[in-house]
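Given next are the chains, with one letter for each unit.
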Amino acid sequence: MNDMVISADRRATPRSDIELLPADERDAIHLALRSIVEGTATATGAEFFRALVRELARGLNVRHAFVSELLPSGARVRTLAFWFNDKPADNIEFDLEHTPCEIVMRGETVYYTHKVWEAFPHHLRLKDLGIESYFGVPLISESGREMMGHLAILHDQPTVKEFRGLALMRIFAARARAELERKQAEQALRKSEERLSSILASAMDAIITLDAEQHITLFNPAAEKIFRCMAAQAIGQPFEPFLSKRFGNLLKGYCLAVQPATVTSQQLWAPEGLTARRHDGEEFPVEATLSPLKIEGRQFFTVILRDMTERWQSEATLKKLQLEKVYLQEEIKTRQSPDHIVGESPAMQEAFAYAEQVASTDSTVLLTGETGTGKSVIARAIHDMSDRRDKLFVPVNCAALPGELVESELFGHEKGAFTGATTQRKGRFELADGGTLFLDEVGELTAGAQAKLLRVLQDQEFERVGGVQTLKVNVRLVAATNRDLAKMVKEGGFRADLYYRLNVFPIRMPSLSERPTDIPLLARFFLDKFARKMGKSIRDLSPRACERLLNYPWPGNIRELQNVIERAAILARGPLLEIDNALELRLETQETPTATEPLLSFEAMERAYILKILERTRWVIEGEQGAATILDLNPSTLRSRMQKLSIRKPKLSA
Ligand SMILES: Nc1ncnc2c1ncn2[C@@H]1O[C@H](COP(=O)(O)OP(=O)(O)OP(=O)(O)O)[C@@H](O)[C@H]1O
């Protein structure tokens, strides 16, 4: 039988154990104690553990000794130092189950004076190695709550029952525990430092700490990148040169205002619009938070700062793209430009040749001509033929913009420039940068907008409404008007200087009546377009329709022709397109009375008009071609009007 002793008294005071020994044993123990103390005195960390097991084995005259650390699972230990067969050995890790160490780990001091292997038959190594005696002391944390590891000695000889070395082991277990606690604290600190430095290193934001004098004490890798300055250069330097004046003042004020007593609740979110300065002097927009920090009674400040340059740029690009998208969508909807520009008449060919010549230059073009003559079509053709064709063509109808908004629409506005200007907005000049701006109905511009437009034409620069920053653009201007600008200038309705600037290269679009040969061409072009769109097979214009179109003066020019053909195509039933009577009626209603014509009363005019219609319809009142349909009256209403106005069918025309 082996002799096993388990001491229940964990807190026995080892030194007093020694004092109780007989003098000769006490001396021997004191000698061993001194040699162990001297052998381990200067060592710390791993070196201490190595010295401890060595000195312990030598001092107590045993062959093996180790000190271990309990692993987190609680079921295994790893040696911190291992003395084996009278010499140092590599550390080992082992399961506690079926070992005397398992009992030690429950907090007991354990010793087996001989045949320890008999008590642990499953632990084959004990027998193999010829281990006879075992002594183990637990390492319990200072708080007494945590099992940390153990200190053990093993020997290949039985030992005496009253093995006094146990007192020594208790002394050194306390030392080993203190060293182990220090090692674990160091490890925890190292881990937390690693975590902190990996947070600092991986942070996208600059993290900077400042001391009370606002000198930099920490500068993370993101700060190095953002400020283009190495930490080694920045640390110890004042932070002020890295900030714009406004930000610098804000920081100074903040540091002064922070009350040490309420230090934790005084975080500051720096307002929008702040800028900082890179090491090379470049200023950039930032967002930042400032917070106070107390370390060991000393005041520090943390600045977390984000470079907003890219975000602002992306936002600006996004805004521009969104604006462009809206324009392009609008354009797709409204653009009715023909697949090709129809017109073989000399007048049209001449206008087109001018457009072709001027397209490749950056000259301002002024398109004049009656409404519907194709000024917008030519403006786009000039853009498409120019080198700017890959950039935007931005059409603006000046007549469609309310007077008070025209300037902000063209030149943009700053936030707060006027009531309702809640955000900054780019104008169409900025949008058209690199491309072409088409100002339709330019004669409708307000005086303010005329002045600004003149400046852009002269210097290619302007300010947004409410803005101070001068913006430069590269825009080609094409303007159009159906008004007589020269006359407007004379009458004071249009700036003369602007007129001359616009009139650099005028192209007059001929009216349709000036190019009758184009009428059938255009009519067929529109007929083909609408018939295809409506899925109708209309082969051609009827000869009568052609004649009618040629005899009509087209005050609304191509737009009107297009509308007439569309209407006729809707009504068409056969393969040949007919133009209904409405065209003649348009003509008659549009005829202006000449000065020699007598002025009639309303009733006399009504009578004359109804008569005229009746003559045209050969006195047919009802039906699709009848006078009532043309006059948009109920036939019985027309009859009663005729009766009232004494209109009777003449006998001759019966
Ligand atoms: N040469 C052409 N060939 C085919 N279609 C044309 C031609 N010229 C104009 N159009 C068409 O006629 C219509 C009117 O043209 P546009 O809007 O260019 O006239 P405008 O002179 O600018 O009119 P406004 O002065 O009223 O603005 C458009 O639908 C256009 O597509």
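Definitions and cut-offs
- Residues numbered from 1 in each chain as written.
- Predicted model: local features only at pLDDT ≥ 70, side-chain atom pairs only at ≥ 80, totals over all residues.
- Heavy atoms only, no water.
- Helix = DSSP H or I, 4+ residues; strand = E, 2+ residues; numbered from the N terminus.
- Contact = heavy atoms within 4.5 Å.
- Buried < 20%, exposed > 50% of the residue type's maximum accessible area, 1.4 Å probe, protein only.
- Polar contact = N/O pair within 3.5 Å; in protein donor to acceptor, adjacent residues only side chain to side chain.
- pLDDT = per-residue confidence, 0-100.
- Axes fitted to C-alpha atoms, helices over the stretch in contact; angles between N-to-C directions.
- Parallel < 35°, antiparallel > 145°, perpendicular 65-115°, else oblique.
- Nonpolar A, V, L, I, M, F, W, Y, C, P; charged D, E, K, R; others polar.
- Salt bridge = Lys/Arg side-chain N within 4 Å of Asp/Glu carboxyl O.
- Pairing = 2+ DSSP bridges.

Turning our attention to the environment of Ile382. Among the secondary structure elements, Ile382 is positioned in helix α13 (residues 375-385). Between the alpha carbons of Ile382 and Glu356 there is a distance of 6.7 Å; along the sequence they are 26 residues apart. Among all residues touching Ile382, those that are not within four sequence positions of it are Ala355, Val358, Ala359, Val365, Arg476, Val478 and Ile507.

Moving on to the environment of Tyr552. Structurally, Tyr552 is set in the loop between α20 (543-551) and α21 (557-571). Note on Tyr552: relative accessible area 4%, which makes it buried. Considering only alpha carbons, one finds Tyr552 and Ser513, 39 residues apart in sequence, at a separation of 8.4 Å. Only 2.5 Å separates the side chain of Tyr552 from the side chain of Glu560, close enough to count as a polar contact.

This part is about unusual backbone geometry. Unlike most non-glycine residues, Trp619 shows phi in positive territory, near 65°. Within the fold, Trp619 resides in the loop between α23 (602-616) and α24 (627-631). We note that Ser646 has phi near 55°; this positive angle belongs to a residue other than glycine. Examined against the element boundaries, Ser646 turns out to sit in the segment after α25 (635-644). Look at Ser646 and you get partly exposed, because its relative accessible area is 40%.

This next bit is on the confidence of the model for the chain. Put simply, the chain has an average pLDDT of 84, and 88% of its residues get 70 or more. Per-residue pLDDT stays below 50 along residues 7-15; that stretch engages in 14 contacts with residues further than four places along the chain or on separate chains. Taken as a whole, residues 591-597 scores under 50 in pLDDT and shows one contact with residues more than four places along the chain or in a different chain.

So, about the packing of helix α3 (residues 45-60) against helix α7 (residues 165-202). Their axes nearest at 10 Å, the elements α3 and α7 cross at an angle of 175°. When the interaxial angle is binned, α3 and α7 end up roughly antiparallel. Contacts between α3 and α7 involve Gly45, Phe48, Phe49, Leu52, Leu56 and Leu60 on the former and, on the latter, Gly165, Leu168, Met169, Phe172, Arg175, Ala176, Glu179, Leu180, Arg182 and Lys183. Split into classes, the residues belonging to the contact of α3 with α7 amount to 10 nonpolar, two polar and four charged.

All chains considered together, the criterion is met by 38 salt bridges. One salt bridge connects Glu69 with Arg78, and the closest N-O pair in it is separated by 3.9 Å. Of the residues examined, Glu69 reaches a relative accessible area of 8% and is grouped as buried. By relative accessible area, Arg78 is classed as partly exposed at 36%. Arg306 is paired through a salt bridge with Asp205; the nearest N and O atoms lie 2.7 Å apart. Placement of Arg306 in strand β14 (residues 298-307) and of Asp205 in the loop between α7 and β9 (206-211) is noted, with a sequence separation of 101 residues between them. For Arg306, a relative accessible area of 38% translates into the label partly exposed.

Turning our eyes to something else, we now look at the pairing of β14. Sheet analysis places β9 next to β14, joined by six bridges and oriented antiparallel. Across the sheet, residue Asp211 finds its bridge partner in β14, namely Phe300. Inspection of the sheet shows strand β13 (residues 283-295) paired to β14 by 10 bridges, in the antiparallel sense. Bridge pairing in β14 links Ser291 to Thr302. Counted along the chain from β13 to the antiparallel partner β14, the turn is two residues long, and its residue Glu296 has a positive phi close to 45°.

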